[in-house]
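Okay, here's what each chain looks like letter by letter:
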Amino acid sequence: MFDVLSVQNKEDQKNYAALCGTEYLPAALAYSLTVDGTLVGLCQFNIGAGYGEIASLDAVSSFEGNADGSREQYLAALCRTSLSFLELIGIKDAYYVGAEKTRALMLMSGFKQADDGRWQTNLKELFAHCPSEGK
């Protein structure tokens, strides 16, 4: 069983970032990923003027997944939860600006690679068949 929850405490976010081997971004919002009650991942993201940015998407180094999914599948679920939140609050476009990830992870997360190499997604299109607002 896994849970994706918003991180409400900055000290927790800082500790989670350290466990995941990523930079703590104090201005960022964050979601954590736990699998079977153990923290295994963190997604930090920012909200700009009409767009969102996924700034980090990382798992603890020892987490390789389990019988229910791979490391990348779990990270994609974590990222999509963050993107869903952005869509829910009315953000139209999102970009991935964090450390380089595999093409498979970016595609599973819902991003497309633009001609300039940036990973981006239109959230209204991404969630057209299952919008966050439940319509």
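If you're wondering where the values come from, they're calculated on a predicted model, not measured in any experiment. All residue numbers refer to positions counted from 1 along the written sequence of the respective chain. Confidence filtering applies because this is a predicted model: local features only for residues at pLDDT of at least 70, side-chain atom pairs given and counted only at 80 or more, and all residues used for totals across whole chains, interfaces and linings. Side-chain metrics rest on all non-hydrogen atoms present in the structure, leaving aside hydrogens and water.

## Notes on helix 1 (residues 10-20)
What counts here: Whether a residue is buried, partly exposed or exposed follows from its accessible area with a 1.4 Å probe, protein chains only, as a fraction of its type maximum: under 20%, in between, or over 50%, in that order. The secondary structure listing takes helices from DSSP runs of H or I that are at least 4 residues long and strands from runs of E that are at least 2 residues long, numbered from the N terminus. Starting at the helix axis, one direction is taken to each C-beta atom, and the arc is that of these directions. Should any heavy atoms of two residues lie within 4.5 Å, those residues are considered in contact.
Regarding helix 1, the residues found buried are Gln13, Ala17 and Cys20. Seen end-on, helix 1 carries its buried residues on one side only, within an arc spanning 70°. More than 90 degrees from the buried face of helix 1, the exposed residues found are Ala18 and Leu19. In this structure, the buried residues of helix 1 make contact with strand 2 (29-35), strand 3 (38-47) and strand 4 (51-59). Downstream of helix 1 by a residue or two, glycine 21 has a phi angle that is positive, lying close to 70°.

## Digging into the pairing of strand 7 (residues 93-96)
Note the threshold: Any two strands with at least two DSSP bridges between them are considered paired.
Relative to strand 7, strand 4 runs parallel, the two being bridged by 4 bridges. Looking at the pairing, isoleucine 54 lines up with tyrosine 96 of strand 7.

## Here's the deal with the pairing of strand 3
A large share of strand 3 lies buried, amounting to 7 of its 10 residues. Summarising the sheet, strand 2 and strand 3 pair through 7 bridges and their orientation is antiparallel. Looking across to strand 3, one finds that leucine 29 is bridged to phenylalanine 45. Count of turn residues in the strand 2/strand 3 antiparallel hairpin: 2 residues, of which aspartate 36 carries a positive phi of about 50°. Direction of pairing for strand 3 relative to strand 4: antiparallel, over a ladder of 7 bridges. Looking at strand 4, one finds that glycine 41 is bridged to alanine 59. What sits between strand 3 and strand 4 in their antiparallel hairpin is a turn of 3 residues, with glycine 50 showing a positive phi close to 90°.

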